[in-house]
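Commentary on secondary and tertiary structure
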Amino acid sequence: MDRVLAAGIYMSDRPSTVAHVSYRLACARENDVTQRWIALAPDGRGRFDHPGTIFVATAPAPKFALLNRILADAHGFDWVIIADDDIELAEDAVDRLLHHARTYDLALCQPARTADSFTDHPIVQVLPGVTARRTRFVEIGPFVCIRRDAARLLLPFGEDCAMGWGLDFVWPVIIENAGLRMGIVDDVTMAHRIRPPAQHYSHSTAHTDMYRLLARNPHLTHDDAFSVVEIFT
């Protein structure tokens, strides 16, 4: 039975599905999942008593800097899952996702998004009739799974990652240079429809941070990243 560290951040004063996501993570039967959550509670507002809450952030802080605080021992787990608080998953999603990741040797992967989800990048939307795809793109959220060997390369997140924009164009270079594989699992889907993305932080700041990140790191272009290497049916 593999050991899985699932880490996430939830907003205490906004509608969320954190209870649902936490329950789905706990539904894993073939993997041993440890959950750690951070509550974002501006000025202490809202409810931040969700089980598994490690600490409460009452002042604004970059998402990936916060995640680093609860991922310090991530290399001791077989898999790391990073989850947002506004998605919906099937009861057996974790076990099925990791099964396919093992079957197709995916060191970095994500579930596909349902057709009714908010979607910024069409490549992540589910393809009916496909089990999984080996791709050159795995999105930084809202649900990403990292195998131990990839976690050694990708974690901890750099202090310049902020909201993480641009990492999904840097990751493929790191993964491919290490001889690893990445992809999207279409047999496991997630719905992302509770809140539109990027509502609660500055778009302009996130874009500026992304350009700085990409300027400092080898990365793929959009055209190179949004490509499918192999399809599994």
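Use the structure listed above.
My aim in this report is to walk through the structure given alongside it, one point at a time. Note that the structure is predicted; figures quoted are calculated from it, not measured.

With that settled, consider the overall build of the protein chain. Looking only at helices and strands, the protein chain features seven helices and 10 strands. Relative to a compact globule of 233 residues, whose C-alpha radius of gyration would be 17 Å, the protein chain shows 16 Å and is just as compact. Here the C-alpha coordinates of the protein chain stretch approximately 45 × 45 × 35 Å along the principal axes. Per-residue burial over the protein chain gives 52% buried out of 233 residues.

The next point concerns the environment of Ala-178. Following the sequence through the fold, Ala-178 ends up in the loop between helix 5 (167-177) and strand 9 (182-191). You can call Ala-178 partly exposed: its relative accessible area is 39%. In this structure, the C-alpha to C-alpha distance between Ala-178 and Leu-153, residues 25 residues apart in sequence, is 8.7 Å.

Moving on to the packing of aromatic side chains. In this structure the tally under the stated criterion is six aromatic pairs. Ring geometry for Phe-64 against Phe-157: centres 4.6 Å apart, planes inclined by 85 degrees, an arrangement best described as edge-to-face. One end of the pair, Phe-64, is in helix 2 (residues 63-70); the other, Phe-157, is in the loop between helix 4 (148-154) and helix 5, and 93 residues separate them in sequence. Assigned by exposure class, Phe-64 and Phe-157 land together as buried. Seen in terms of ring centroids, Tyr-104 and Phe-232 are 4.2 Å apart; in terms of plane orientation they differ by 20 degrees. Their pairing is stacked. Of this pair, Tyr-104 sits in the loop between helix 3 (93-103) and strand 6 (108-113) while Phe-232 sits in strand 10 (residues 228-232), placing them 128 residues apart in sequence.

With respect to the helices and strands, Arg-195 occurs in the loop between strand 9 and helix 6 (203-216). A polar side-chain atom of Arg-195 sits 2.7 Å from the main-chain carbonyl oxygen of Pro-15. Only 2.6 Å separates the side chain of Arg-195 from the side chain of Asp-85, close enough to count as a polar contact.

Before going further, it helps to examine the pattern of salt bridges. Taken as a whole and assessed by the stated rule, the structure comprises 20 salt bridges. Among the ionic pairs, Arg-36 bridges to Asp-73, the shortest N-O distance being 2.7 Å. With Arg-36 in strand 2 (residues 31-40) and Asp-73 in the loop between helix 2 and strand 4 (79-83), the pair connects residues that are 37 residues apart, well separated along the chain. Overall, the relative accessible area of 18% leaves Arg-36 in the buried class. Judged by its relative accessible area of 37%, Asp-73 is partly exposed. With its nearest N and O atoms 2.9 Å apart, the salt bridge here joins Glu-139 to Arg-113. Note that Glu-139 is positioned in the loop between strand 7 (132-135) and strand 8 (143-147) and Arg-113 in strand 6, a separation of 26 residues in sequence.

A cis geometry characterises the amide bond from Gly-141 onward to Pro-142, with omega recorded as 10 degrees. Mapped onto the elements, Pro-142 comes out in the loop between strand 7 and strand 8. Put simply, Leu-155 and Pro-156 share a cis peptide bond, and its omega is 0 degrees. Residue position: Pro-156 is located in the loop between helix 4 and helix 5. The phi angle at Asp-43 is positive, at roughly 55 degrees, despite the residue not being glycine.

In this section: the environment of Ala-39. Residue placement: Ala-39 occurs in strand 2. With residues near it in sequence (within four places) discarded, Ala-39 still touches Tyr-10, Phe-48, Thr-53, Phe-55, Val-56 and Ala-57.

Right, let's get into the nonpolar core. With 46 residues, the main nonpolar core has Leu-67, Leu-71, Leu-108 and Phe-157 as its most contacted residues. Here this core gets six residues from one element, more than from any other, and that element is helix 5. If we skip the residues at most four places from it in the chain, Leu-67 touches Ala-7, Gly-8, Ile-9, Ile-38, Ile-82 and Phe-157.

Reading the values: rules and limits
Residues numbered from 1 in each chain as written. Predicted model: local features only at pLDDT ≥ 70, side-chain atom pairs only at ≥ 80, totals over all residues. Heavy atoms only, no water. Helix = DSSP H or I, 4+ residues; strand = E, 2+ residues; numbered from the N terminus. Rg over C-alpha atoms; globule rule 2.2 N^0.38 Å. Buried < 20%, exposed > 50% of the residue type's maximum accessible area, 1.4 Å probe, protein only. Phe/Tyr/Trp six-rings, centres within 6.5 Å; stacked < 30°, edge-to-face > 60°. Polar contact = N/O pair within 3.5 Å; in protein donor to acceptor, adjacent residues only side chain to side chain. Salt bridge = Lys/Arg side-chain N within 4 Å of Asp/Glu carboxyl O. Contact = heavy atoms within 4.5 Å. Core = buried A, V, L, I, M, F, W, Y, C linked by side-chain atoms within 4.5 Å.

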